[in-house]
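Listed below are the residues making up each chain.
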Amino acid sequence: MVIANELVALLPVTEEIESAKVAPPGFINFTLKNTWLNRQVDEILKEGKSFGNNRMGHGKKVQVEFVSINPTGPLHVGHGRGAILGSTLVNILSASGYKVEREYYFNDAGNQMDIFKRSLYARYLQSLV
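Residues numbered from 1 in each chain as written. Predicted model: local features only at pLDDT ≥ 70, side-chain atom pairs only at ≥ 80, totals over all residues. Heavy atoms only, no water.

Draft legend 1. How the structure looks around the overall build of the protein chain. For the protein chain, the count of helices and strands is four helices and four strands. For the protein chain, the α and β elements follow one another from N to C terminus as α-β-β-α-β-α-β-α. Its C-alpha atoms give the protein chain a radius of gyration of 24 Å, more than 25% over the compact-globule value 14 Å for 129 residues. Considering the protein chain as a whole, with its 129 residues, one finds that 12% of them fall into the buried category. By sequence separation, contacts in the protein chain at least 24 residues apart represent 50% of the contacts at least 6 residues apart. (Helix = DSSP H or I, 4+ residues; strand = E, 2+ residues; numbered from the N terminus. Rg over C-alpha atoms; globule rule 2.2 N^0.38 Å. Buried < 20%, exposed > 50% of the residue type's maximum accessible area, 1.4 Å probe, protein only. Contact = heavy atoms within 4.5 Å.)

Put into structure tokens, the structure is as follows:
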């Protein structure tokens, strides 16, 4: 709470922020000015799908690797979360002028995969008998 109060005291006056208030256990809640929000709606309607896009990345190449899964284990909600976060990050970077390459990371190496491969091969051989 002490740190949050110190941060709020340091915030400059801006055209966007009506107020900033501290709430337990140390959150800072911002209230935006209605006049600023109304202008944003006008901008969004005017710019359409290109709203928020910029050229900050200047065409620089970046690679985003995401969704590391273990093919020998069960899928879980964390895999879905990683896919969503990775895809969202790629979209944000692309809208900011970066040339983005997506890399779907698949954990298919190591001892666990060697064991998995041998067990699949053993089952295959059993099916031939």
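Draft legend 2. Spatial organisation of the pairing of strand β2 (residues 27-32). Of the strand pairs in this sheet, strand β1 (residues 17-23) and β2 are connected by six bridges, and their pairing is antiparallel. Following the sheet pairing, alanine 20 is matched in β2 by phenylalanine 30. (Pairing = 2+ DSSP bridges.)

Draft legend 3. Layout of helix α2 (residues 34-47). Between its terminal C-alpha atoms α2 stretches 20 Å, which fits the 20 Å expected from 14 residues at 1.5 Å a residue. Among the residues trailing α2, glycine 48 stands out with phi positive, at a value near 60°. (Expected span 1.5 Å × (residues − 1).)

Draft legend 4. Representation of the pattern of salt bridges. Inspection of every chain in the model, using the stated rule, returns two salt bridges. With its nearest N and O atoms 2.5 Å apart, the salt bridge here joins glutamate 15 to arginine 39. With glutamate 15 in the loop between α1 (2-10) and β1 and arginine 39 in helix α2, this pair connects stretches of sequence that are 24 residues apart. Exposure remark for arginine 39: the relative accessible area of 39% places this residue in the partly exposed category. Among the ionic pairs, lysine 46 bridges to glutamate 43, the shortest N-O distance being 3.3 Å. Taken as a pair, lysine 46 and glutamate 43 lie in helix α2 at a separation of three residues, close to a single helical turn. (Salt bridge = Lys/Arg side-chain N within 4 Å of Asp/Glu carboxyl O.)

Draft legend 5. The nonpolar core, seen in detail. Counting five residues, the largest nonpolar core is built from Val64, Phe66, Val67, Val90 and Leu93. Secondary-structure elements contributing two or more residues to this core are β3 (61-69) and α3 (77-95). Considering each element in turn, this core owes the most residues, three residues, to β3. For leucine 93, the contacting residues outside a window of four places in its chain are Val62, Val64, Tyr98 and Val100. (Core = buried A, V, L, I, M, F, W, Y, C linked by side-chain atoms within 4.5 Å.)

Draft legend 6. Seen up close, unusual backbone geometry. Here the bond from proline 24 into proline 25 is cis, since omega is 5°, no more than 30 degrees from zero. When you line up the elements, proline 25 lands in the loop between β1 and β2.

Draft legend 7. Representation of a nonpolar patch on the surface in the model. Side chains of Tyr121, Tyr124, Leu125 and Leu128 sit close together on the surface and give an oily, nonpolar patch of about 450 Å² of accessible area. Its place among the elements puts leucine 125 in helix α4 (residues 111-128). For leucine 125, a relative accessible area of 37% corresponds to the partly exposed category. (Patch = residues over 30% accessible without salt bridge, like charges linked within 9 Å, V, L, I, M, F, W, Y side chains within 5 Å. Areas by Shrake-Rupley, 256 points an atom, 1.4 Å probe, with all protein chains shown as cover.)

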